[in-house]
Amino acid sequence: MKAAGLFLLFAGFAIVTSAFVLLSPAAPRGLFVAAGIATQILGLFLTFRAHYTPSEGH
Amino acid sequence: MQLQPATLTETGTAICALCIFLVPLAAAGLALVNTGFGRSRSAAHSILSATCVFATAALVYLAIGFSVQGYVGAPAHVLSAGGRQWSVLGAGRWMMRGLVFNGSSLSLVACLQLFSVGIAALIPLGSGADRWKLGPSCASAALLAGITYPVFAHWVWGGGFLAQLGPLASCGSGVLDAGGASVIHCVGGLTALAMVWILGPRHGKYEASGMAIPGHNIVMVGFGCALMMVGWLGLDAAGALLFAGAGVSSLPLIAANNVIASSASIITALIVTRVRYTKPDASICANGFVIGLVSISAACSVVSPVEAAAIGLVAGLMVPFSVEWLDRFGFDDPSGAISVFAVGGLWGVFAAGAFVQGRPGQWMAQTATIAALLGFVLPLTYCLNLLLNRFYPQRISKDLERQGLDMSELGAGAYPELTQVTKDYLYR
């Protein structure tokens, strides 16, 4: 689950970066940025959820 | 429109150099804070680790980091996309070859970076307190100073694609980060988060019979905070002169903003802890003081003192909840570095976009920076340290942890007159 979360974090970054690099300033970049950040929030939730149960197995 | 390197007058150069010479005080303060928040049985180890990590970071940055980071106007690896050239990585010479330390802006940048990378490397030490071995912590610092930090610093301060968002994508003036809220504090804070994931909690922390493990010397923490304040003034002032195009005339504003933001932050943290726990919590208040400094770093030279107070107030509101929430989720972070540096740094980067005036689209550049921190820096630093952990285990064994890192790794404690060496060591 942590790996999936980290992947989502990266995917969100890719979406945001693509919005700036590929779209012109006149395009609705805000929409892409919002989508990218939402993806990252989901990724953060997954990574934190994966850590939620602390164990003494270390 | 091309990005231009900073040009300083002779007076500006002298003042900038003086500010840079204050920066090691921030590192010293951070080392004291980390040590004070740890257990007494690991205090000597903590302060030695801080020194060694700082030294390792500086040497690796000299060897590799500076060439990867590059600087505005220097050769860089570029990527063509959307009909534009985006700088993604510096292409300088290793070992700082060709760089002359003659008081030029570039030599000042190199000098400041040698200190800043050390500060970034010190941040995760507090989170790994009482369980992170000396050798692996230095190896982790080498990864940070050689890869994570310089790559991201190139994007923000070295004319990389986040800085180019201004001229190439009409996002304000590109990313605004005068004092290193993203480059130094977020990179360090997110590495702290990765290390907490990898190291796991201290034994006894989350057991059924577990208890809170308070720091062993809050006075040391308080003195560390005071030192950090002085170091921060130098860090933010030098950063603003070199990376944000600020003039010497803006230095009083930078100093005022630092004091106001940290004051608003600590008072807010004090009130919140007083209301929630009936008495103020000294350790969270200390964290509140530092998060104020962290959160104002990005915008220290462009916001008014009232806006700085608002930024500090929100930061002070965030820190008690963040510390408590992370603890509830099983993140054993003795120094609160994740809350202070990662959360505070992210808020600082966002606040810079929200409060700066006269730069349309600036918030987009700041949002892109936050996305890069969460989507690039965090996965990268986690994967690098996880890989390191495979070959060079970072965590000390349970028995040695119970004994304390001082005795197990150094053979002597920080407080010999208080140490009782018996066969059985008990949890505090």
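Residues numbered from 1 in each chain as written. Chains lettered and ligands numbered in written order. Predicted model: local features only at pLDDT ≥ 70, side-chain atom pairs only at ≥ 80, totals over all residues. Heavy atoms only, no water.

## Here we look at the nonpolar core
All names here are of chain B. Of all hydrophobic cores here, the largest spans 135 residues; its most connected members are Tyr 149, Phe 152, Trp 155, Leu 162, Leu 165, Phe 331 and Phe 341. Here the element with the most residues in this core is helix 6 (residues 181–199); it accounts for 14 residues. Leaving out residues up to four positions away in the same chain, Tyr 149 has contacts with Tyr 61, Gln 69, Gln 113, Ser 116, Val 117, Ala 120, Leu 144, Trp 157, Val 183, Ile 184 and Val 187. (Core = buried A, V, L, I, M, F, W, Y, C linked by side-chain atoms within 4.5 Å. Buried < 20%, exposed > 50% of the residue type's maximum accessible area, 1.4 Å probe, protein only. Helix = DSSP H or I, 4+ residues; strand = E, 2+ residues; numbered from the N terminus. Contact = heavy atoms within 4.5 Å.)

## Re the packing of aromatic side chains
Residues and elements named next belong to chain B. Scanning the model with the defined rule gives 17 aromatic pairs over all chains in all. Residues Trp 155 and Phe 161 carry aromatic rings whose centres are separated by 4.8 Å and whose planes lie at 65° to one another, so their mutual orientation is edge-to-face. Across this residue pair, the class does not change: Trp 155 and Phe 161 are buried. Between Trp 155 and Phe 376 the ring centres are 4.6 Å apart and the planes differ by 45°, which places this aromatic pair in the tilted class. (Phe/Tyr/Trp six-rings, centres within 6.5 Å; stacked < 30°, edge-to-face > 60°.)

## Some details on the confidence of the model for chain B
Taken residue by residue, chain B gives an average pLDDT of 94. The fraction at 70 or more is 97%. Reported confidence for the predicted complex is 0.92 by ipTM and 0.95 by pTM. (pLDDT = per-residue confidence, 0-100.)

## Quick word on the environment of Thr11(B)
Residues and elements named next belong to chain B. Residue position: Thr 11 is located in helix 1 (residues 10–37). Taking the relative accessible area as the measure of exposure, Thr 11 reaches 53% and is therefore exposed. Taking the C-alpha atoms as reference points, Thr 11 and Val 248, separated by 237 residues in sequence, lie 8.4 Å from one another.

## A closer look at unusual backbone geometry
All names here are of chain B. We note that Asp 130 has phi near 75°; this positive angle belongs to a residue other than glycine. Relative to the elements of secondary structure, Asp 130 occurs in the loop between helix 3 (105–127) and helix 4 (134–157). The phi angle at Thr 278 is positive, at roughly 70°, despite the residue not being glycine. As for its placement among the helices and strands, Thr 278 is situated in the loop between helix 8 (251–277) and helix 9 (282–296).

## Observations concerning the pattern of salt bridges
Residue and element names in this part refer to chain B. Taken as a whole and assessed by the stated rule, the structure comprises seven salt bridges over all chains. Arg 202 is paired through a salt bridge with Asp 130; the nearest N and O atoms lie 2.9 Å apart. Of this pair, Arg 202 sits in the loop between helix 6 and helix 7 (218–243) while Asp 130 sits in the loop between helix 3 and helix 4, and the two are 72 residues apart along the sequence. We note that Arg 202, like Asp 130, is buried. Across the pair Glu 401 and Arg 395 runs a salt bridge, and its minimum N-O distance is 2.6 Å. Exposure class is identical for Glu 401 and Arg 395. Each is buried. (Salt bridge = Lys/Arg side-chain N within 4 Å of Asp/Glu carboxyl O.)

## Concerning the interface of chain B and chain A
Taken together, the contacts link 42 residues of chain B with 26 residues of chain A. Each partner contributes to the roughly 2800 Å² buried at the junction of chain B and chain A, and carbon and sulfur atoms together form 74% of this total. The three residues of chain B that bury the most area against chain A are Trp197(B), Phe329(B) and Met364(B), which together make up 20% of that side's buried surface. If you look at where chain B meets chain A, you find zero salt bridges. (Buried area = accessible area lost by both parts, 1.4 Å probe.)

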